[in-house]
Amino acid sequence: MMTYTTLRYAIFVLTFVFLFSSCKSKKVISDGTVNERLSAKAVIKAHYQNELDFKTLRGKVKIDYSDGESSKSVSVSLRMEKNKAIWLSAPFGVGKVYISPERVSFYNKLQNEYFDGDFSYLSKLLGTEVDFSIVQNLLLGQALVDLRDEKYILSTTDKGYRLTPKTAGTLYKILFQIEPQNFKMAMQQLSQPLEKRLLTIAYEDYQKVQEAILPNSVLVKATASEEENTIALEYRNLELNTPLNFPYKIPKGFKEIVLK
């Protein structure tokens, strides 16, 4: 059964810090070999050329959560409509999550509780602005921020291309690693040294779904001071562009959760 705590951490993952309009340009696919002659600009261009173009996505997601002392696991149904909705439902409808560009909402029938609000609480919690596009990017293996807005230094490893900003931030430090075959994200890292916060999102592998490249498993590690939360997402039975609806209605009589 999905408890309130598990629901809350499902939300936490999906909105932790992170698709812009899909482009129709030709996809760039290599043989998986790192090309040391590519520039940072070329790698970034390839990343956005390979951005997923879709209308809807559905499937299952297995969520494993651990805080170092306890662990939880649940499988949920996932539905997405590009740039409009992300919907999660636990077995037997005991809990649902609905995220739109305007709101984050969930309810839990086990505790008769619900939350319905905007992204401001999560933005304050994380110390960075969170919005719907960031959540989509996280789920689909795209960069959490628009890489075209800054200049980056490119270095290569045997696993892919590493991008770091030419101008280092004073409050934030970011690092991106792009895998060489499909130019999707292999790893994204955001740190706040003064706050002792570190967020690492690792895309362990990808899968082909109807000729589209989608994440297969994602590992999220969030560290704050001495605490570390780990959340693993595993996608199953993904389908693209099928007709979907997003049934969601907060039951009457539920108590509102006020997050401080």
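Before reading on, note that the structure itself is shown above.
Note that the coordinates shown come from a computational prediction; the quantities given were computed from them, not determined experimentally. (Residues numbered from 1 in each chain as written. Predicted model: local features only at pLDDT ≥ 70, side-chain atom pairs only at ≥ 80, totals over all residues. Heavy atoms only, no water.)

*Asks:* Tell me about the packing of aromatic side chains, and name the residues and values.
*Replies:* Tallying each qualifying case throughout the model produces seven aromatic pairs. Geometrically, the ring pair formed by Tyr-107 and Phe-254 is edge-to-face, given 6.3 Å between the ring centres and 80° between the ring planes. Residue Tyr-107 is located in strand β5 (residues 104-108), and its partner Phe-254 is located in the loop between β13 (227-240) and β14 (255-256); the two are separated by 147 residues in the primary sequence. Overall, the relative accessible area of 4% leaves Tyr-107 in the buried class. An aromatic cluster is defined as three or more aromatic residues linked by ring pairs; in this entry it consists of Tyr-98, Tyr-107, Tyr-248 and Phe-254. The positively charged end of Arg-79 is found above the aromatic ring belonging to Trp-87, 4.5 Å away from the centroid. Directly above the ring of Tyr-48 sits Arg-148, whose terminal nitrogen or CZ lies 3.7 Å from the centroid. (Phe/Tyr/Trp six-rings, centres within 6.5 Å; stacked < 30°, edge-to-face > 60°. Helix = DSSP H or I, 4+ residues; strand = E, 2+ residues; numbered from the N terminus. Buried < 20%, exposed > 50% of the residue type's maximum accessible area, 1.4 Å probe, protein only. Lys NZ or Arg CZ within 6 Å of the ring centre and 35° of its normal.)

*Asks:* Help me get a handle on the environment of Val-34, residues and values and all.
*Replies:* For Val-34, the position within the fold is in the loop between α1 (4-14) and α2 (40-49). Residues Val-34 and Lys-159, spaced 125 residues apart in sequence, show a C-alpha to C-alpha distance of 7.4 Å. Excluding anything up to four places from it in sequence, Val-34 contacts Thr-156, Thr-157, Asp-158, Lys-159, Gly-160, Tyr-161 and Pro-180. (Contact = heavy atoms within 4.5 Å.)

*Asks:* Pulling in residues and values, what's your account of the environment of Ile-134?
*Replies:* Locating Ile-134 in the fold gives a position in helix α4 (residues 132-140). When the C-alpha positions of Ile-134 and Asp-146 are compared, they lie 9.8 Å apart, and in sequence the two are 12 residues distant.

*Asks:* Please provide a residue-by-residue account of α2, values included.
*Replies:* Side chains three or four residues apart in an α-helix point the same way, a direct result of the helix having 3.6 residues per turn. Counting buried residues along α2, seven of its 10 residues qualify, which places the element largely inside the surrounding structure. All of the buried residues along α2 are Ala-40, Val-43, Ile-44, Ala-46, His-47, Tyr-48 and Gln-49. Buried positions along α2 lie against β7 (152-157), β8 (160-165), β9 (173-178) and β10 (185-192).

*Asks:* Mind laying out the pattern of salt bridges, listing which residues take part and the relevant values?
*Replies:* Taken as a whole and judged by the stated rule, the model has seven salt bridges. Lys-62 is paired through a salt bridge with Asp-64; the nearest N and O atoms lie 2.7 Å apart. Taking the shortest distance from any N to any O, the salt bridge between Lys-84 and Glu-81 comes out at 3.8 Å. Residue classification places Glu-81 among the partly exposed residues on the basis of a relative accessible area of 27%. (Salt bridge = Lys/Arg side-chain N within 4 Å of Asp/Glu carboxyl O.)

*Asks:* Could you give me a rundown of the pairing of strand β12 (residues 212-224), with the residues and numbers involved?
*Replies:* The pairing of strand β11 (residues 197-209) with β12 spans 12 bridges and is classified as antiparallel. Bridge assignment links Val-209 to a residue of β12, and that residue is Ala-212. Counted between consecutive antiparallel strands, the loop separating β11 from β12 contains two residues, among which Gln-210 sits at a positive phi close to 50°. Pairing of β12 with β13, which is carried by eight bridges, proceeds in the antiparallel orientation. Directly across from Leu-219, in β13, lies its bridge partner Ala-232. The antiparallel hairpin formed by β12 and β13 contains two residues in its connecting segment, where Ser-225 sits at a positive phi of about 55°. (Pairing = 2+ DSSP bridges.)

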